[in-house]
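Observations on chain architecture
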Amino acid sequence: MSNREDDWKNKPPFGPKPDGFKAQWHGKCHCGRVTYELSREKPLASKYCHCGDCKKLHGAPFQWAAIFNKGDINFANGTEGLGFYHTADKGRHHDLPCKVYCDFCRAPIMDEGRNMILLFPPLIQEISSERGVEAFKPQCHLFYPQRVLQFKGDGMDKWEGLDKKSASLDDDGNVVEK
Ligand SMILES: [Zn+2]
Ligand SMILES: [Zn+2]
């Protein structure tokens, strides 16, 4: 039984596996209760984010996110075992955009946006393979001035805030003349 309020549970990225879905990558949280598959060969983009929220919510020097369409992912058990966190009001509910975790081991799985998902690649089992490293290679740094590590000569684009919506920076964080 489903009521209108629960409709999102039956839609991408949580709904049943679509016909013709071909798994290219396999993801699993730390405890193994949450598993998923990805059908797209390569993420639409791959980025490092240095913003304060990402660092705090990941307990990490920066966040690594790979962008996919919602239809590119299929969770083996739908929403079962997932926990949600809506940063805007600091509530544990599913309102977009929100963070998605394994509700048991608390491994961060993805950020669900209104149109896309920002998936965290470390959960992908093939991520350290040559194919994984190549496909998920990041292209840019977001919120670069908030970094706690240095990234010189990595050839990646660096942005003051979001990519293409803020100033472009050099490796030292100086604004690049346009
Ligand atoms: Zn888990
Ligand atoms: Zn961030």
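Relevant structure appears above.
Okay, so let's go over this structure. The residue numbering used here restarts from 1 in each chain and proceeds along that chain's sequence as written. Chain A is the first chain written and ligand 1 is the first ligand written, with later ones labelled in order. Since the coordinates come from a predicted model, pLDDT governs what is reported: local features require at least 70, and pairs of side-chain atoms require 80 or more to be given and counted, while whole-chain, interface and lining totals use all residues. In computing side-chain values, all of the structure's heavy atoms are included and hydrogens and water are not.

On to the overall build of the protein. Strands are runs of DSSP state E lasting at least two residues, helices are runs of H or I lasting at least four, and both sets are numbered from the N terminus onward. Secondary structure summary: the protein contains two helices and 12 strands in total. To get the radius of gyration, use the C-alpha atoms; to get the globule rule, take the number of residues to the power 0.38 and multiply by 2.2 Å. Here the C-alpha radius of gyration of the protein, 17 Å, is about what a compact globule of 178 residues would show, namely 16 Å. Structurally, the protein occupies a C-alpha span of about 55 × 40 × 30 Å along its principal axes. To sort residues, take the accessible area from a 1.4 Å probe on protein chains only and compare it with the maximum for the residue type: under 20% means buried, over 50% means exposed, and anything in between is partly exposed. Burial analysis of the protein (178 residues in total) assigns 43% to the buried set.

In the first shell of the zinc ion (ligand 1), the protein supplies Cys 29 (SG), Cys 31 (SG), Cys 102 (SG) and Cys 105 (SG), at 2.3 Å from the metal. Each metal's donors are the N, O and S atoms within 2.8 Å of it, or within 3.2 Å when it is Na, K or Ca, and because water is not part of the set, sites may look incomplete. Geometry is assigned from the angles between donors: four donors with all angles from 85 to 135 degrees make a tetrahedral site, four or six donors whose opposite pairs exceed 155 degrees while the rest stay between 65 and 115 make square planar or octahedral sites respectively, and everything else is labelled irregular. One can describe the donor arrangement at the zinc ion (ligand 1) as tetrahedral, given that its four donor atoms subtend angles of 106 to 114 degrees at the metal. In primary sequence terms, the donor set of the zinc ion (ligand 1) follows C-x1-C-x70-C-x2-C. You can call Cys 102 buried: its relative accessible area is 1%.

For the bond running from Pro 12 to Pro 13, omega is 5 degrees, close enough to zero to count as cis. Along the chain, the position of Pro 13 falls in the segment before strand 1 (25-28). Even without being a glycine, Lys 90 presents a positive backbone phi close to 60 degrees. When you line up the elements, Lys 90 lands in the loop between strand 6 (82-85) and strand 7 (98-102).

The next thing to look at is the side chain of Lys 55. Secondary-structure assignment places Lys 55 in helix 1 (residues 52-58). Here Lys 55 sits buried without a salt bridge, and the closest side chain of opposite charge, Asp 53, lies 9.9 Å off (N-O distance). Counted as a polar contact is a pair of N or O atoms within 3.5 Å, where, for protein atoms, one must be capable of donating a hydrogen and the other of accepting one, and residues adjacent in sequence contribute only when both atoms are in side chains. A distance of 3.2 Å separates a polar side-chain atom of Lys 55 from the backbone oxygen of His 50. Contacts: residue pairs with any heavy atoms within 4.5 Å of one another. If we ignore the near neighbours within four places in the chain, the residues touching Lys 55 are His 50, Ala 60, Pro 61, Phe 62, Gln 146 and Val 148. By the counting scheme adopted, Arg and Lys are positive, Glu and Asp are negative, and His together with the chain ends is not counted. Put simply, a salt bridge is a Lys or Arg side-chain nitrogen that is within 4 Å of an Asp or Glu carboxyl oxygen.

It is worth spelling out the pattern of salt bridges at this point. Opposite charge on two side chains permits pairing when their charged atoms draw close. Inspection of the entire model under this criterion finds 11 salt bridges. Across the pair Lys 17 and Glu 37 runs a salt bridge whose closest N-O atoms are separated by 2.8 Å. With Lys 17 in the segment before strand 1 and Glu 37 in strand 2 (residues 35-38), the pair connects residues that are 20 residues apart, well separated along the chain. By relative accessible area, Lys 17 is classed as partly exposed at 44%.

What follows concerns the sheet that holds strand 7. An order of 6-7-8-9-4-3-10-11-12 is seen for the nine strands of this open sheet, with the pairing classed as mixed. Only two strands of the sheet have a single neighbouring strand rather than two, namely strand 6 and strand 12 (168-169). Whether two strands pair comes down to DSSP finding at least two bridges between them. Where strand 3 (residues 45-49) and strand 4 (residues 63-69) come together, five bridges link them in antiparallel fashion. Paired with Tyr 48 across the bridge in strand 4 is Trp 64.

Strand pairing in a sheet relies on backbone hydrogen bonds. The paired strands run either parallel or antiparallel. Strand order in the open sheet formed by three strands is 1-2-5, with antiparallel pairing between adjacent strands. Bordering the open sheet on either side are strand 1 and strand 5 (73-75), each of which pairs with just one other strand. Each neighbouring strand pair of the sheet contributes to a mean axis angle of 20 degrees, computed without reference to strand direction. Two strands pair when backbone bridges link them, and strand 2 and strand 5 are joined in this way by three bridges, in the antiparallel orientation. Bridge pairing in strand 5 places Tyr 36 opposite Phe 75. The axes used here are C-alpha line fits, helices contributing only the stretch in contact, and every angle between their N-to-C directions lies in the interval 0 to 180 degrees.

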